[in-house]
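Each chain, written out:
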Amino acid sequence: MQSDEASACRSVEGNLGYAIKQAHHLMRAAIENRVRAAGLGMTFPHMAALFLLSETPGLSGAQLARWAMVTPQTMNQILTRLEADGLIVREPDPEHGRILRARVTGLGSEEFERGCQLADALIEEAQAGLSAAERGELLRLLGKCQDNLLQIARAEKAPLEDIGALPVRRVGRKPSR
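Residues numbered from 1 in each chain as written. Predicted model: local features only at pLDDT ≥ 70, side-chain atom pairs only at ≥ 80, totals over all residues. Heavy atoms only, no water.

### Some words on the packing of helix H3 (residues 44–55) against helix H6 (residues 106–126)
Running from N to C, H3 and H6 cross one another at 115°; their axes reach a closest spacing of 10 Å. Judged by the twist between their axes, the crossing of H3 over H6 is left-handed. Here H3 contributes Met47, Leu50, Phe51 and Ser54 to the contact with H6, which in turn contributes Gly108, Phe112, Gly115 and Cys116. Looking at the contact of H3 with H6 residue by residue, the class counts come to five nonpolar, three polar and no charged. (Axes fitted to C-alpha atoms, helices over the stretch in contact; angles between N-to-C directions. Helix = DSSP H or I, 4+ residues; strand = E, 2+ residues; numbered from the N terminus. Left-handed = near helix turned anticlockwise from the far one by under 90°. Contact = heavy atoms within 4.5 Å. Nonpolar A, V, L, I, M, F, W, Y, C, P; charged D, E, K, R; others polar.)

### Examining a nonpolar patch on the surface
Nonpolar side chains collect at one region of the surface, where Leu16, Ile20, Leu130, Leu138 and Leu142 lie side by side and expose about 390 Å² of accessible area between them. Elements with a minimum of two residues in the nonpolar patch: helix H2 (16–37) and helix H7 (132–155). A relative accessible area of 40% means that Ile20 is categorised as partly exposed. (Patch = residues over 30% accessible without salt bridge, like charges linked within 9 Å, V, L, I, M, F, W, Y side chains within 5 Å. Areas by Shrake-Rupley, 256 points an atom, 1.4 Å probe, with all protein chains shown as cover. Salt bridge = Lys/Arg side-chain N within 4 Å of Asp/Glu carboxyl O. Buried < 20%, exposed > 50% of the residue type's maximum accessible area, 1.4 Å probe, protein only.)

### Regarding the pattern of salt bridges
The final tally for this structure, using the stated rule, is nine salt bridges. Here Asp85 makes a salt bridge to Arg81, at a shortest N to O gap of 3.0 Å. Overall, Arg81 belongs to the partly exposed group, its relative accessible area being 36%. A salt bridge links Glu83 to Arg90; its shortest N-O distance comes to 3.1 Å. What makes Glu83 partly exposed here is its relative accessible area of 32%.

### Focus: helix H5 (residues 72–84)
The end-to-end C-alpha separation of H5 is 18 Å, in line with the 18 Å expected for 13 residues at 1.5 Å each. Met75, Ile78, Leu79 and Leu82 are the residues of H5 that are buried. Angular distribution of buried residues about the axis of H5 spans 95°; they occupy a single face of the element. Facing away from the buried surface of H5 by more than 90 degrees, the exposed residues are Gln73, Gln77 and Ala84. On its buried face, H5 is in contact with H3, helix H4 (61–68) and strand S2 (88–92). (Expected span 1.5 Å × (residues − 1). Arc of directions from axis to C-beta.)

### Looking at the sheet that holds strand S3 (residues 100–104)
Pairing in this open sheet of three strands is antiparallel, and the strands run S1-S3-S2 from one edge to the other. Edge positions in the open sheet fall to strand S1 (59–60) and S2, since each of these has one partner strand only. Bridge analysis of S2 against S3 gives five bridges, and the strand direction is antiparallel. Opposite Arg90, over in S3, you have Ala102 as the bridge partner. Across the sheet, H3 lies against S1, S2 and S3, angled at about 95° from S3, the strand it touches most. (Pairing = 2+ DSSP bridges.)

Given below as structure tokens:
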């Protein structure tokens, strides 16, 4: 006979991975709807690229692709669009001319901030009914899961490359923008 824990992966109920994926999907769809309604014309991946570049200016397309969990080709399309819209600039790396380093422009920072305000309001709504202590505990527990998964990946020598340096929001740390 299997334990409840052993059968959790066979059931949607109680499956942490499924719950996180579903929450992510719902959050992404809602944020994109609000951003589109506000006339920003950005998708969730566009905002993710701007977030990562705001946190770590000068990333290459390959680094951004790994961090945003998209293919390099997809990230190149995202960066091309952001550049055409004047939200980022890309410049050749001084040591490796084929590598283009991206950074957010002033307009990109303004548009990203508008998107963040919409996303923050939605996140606030998503947490309706949770006390401040429960919100903190939720973030703390998810952070623990992230840390555990990163340790597992490192122990199993997973090809993470830059993932260990991925900027994540942590409890007690104000996101820099």
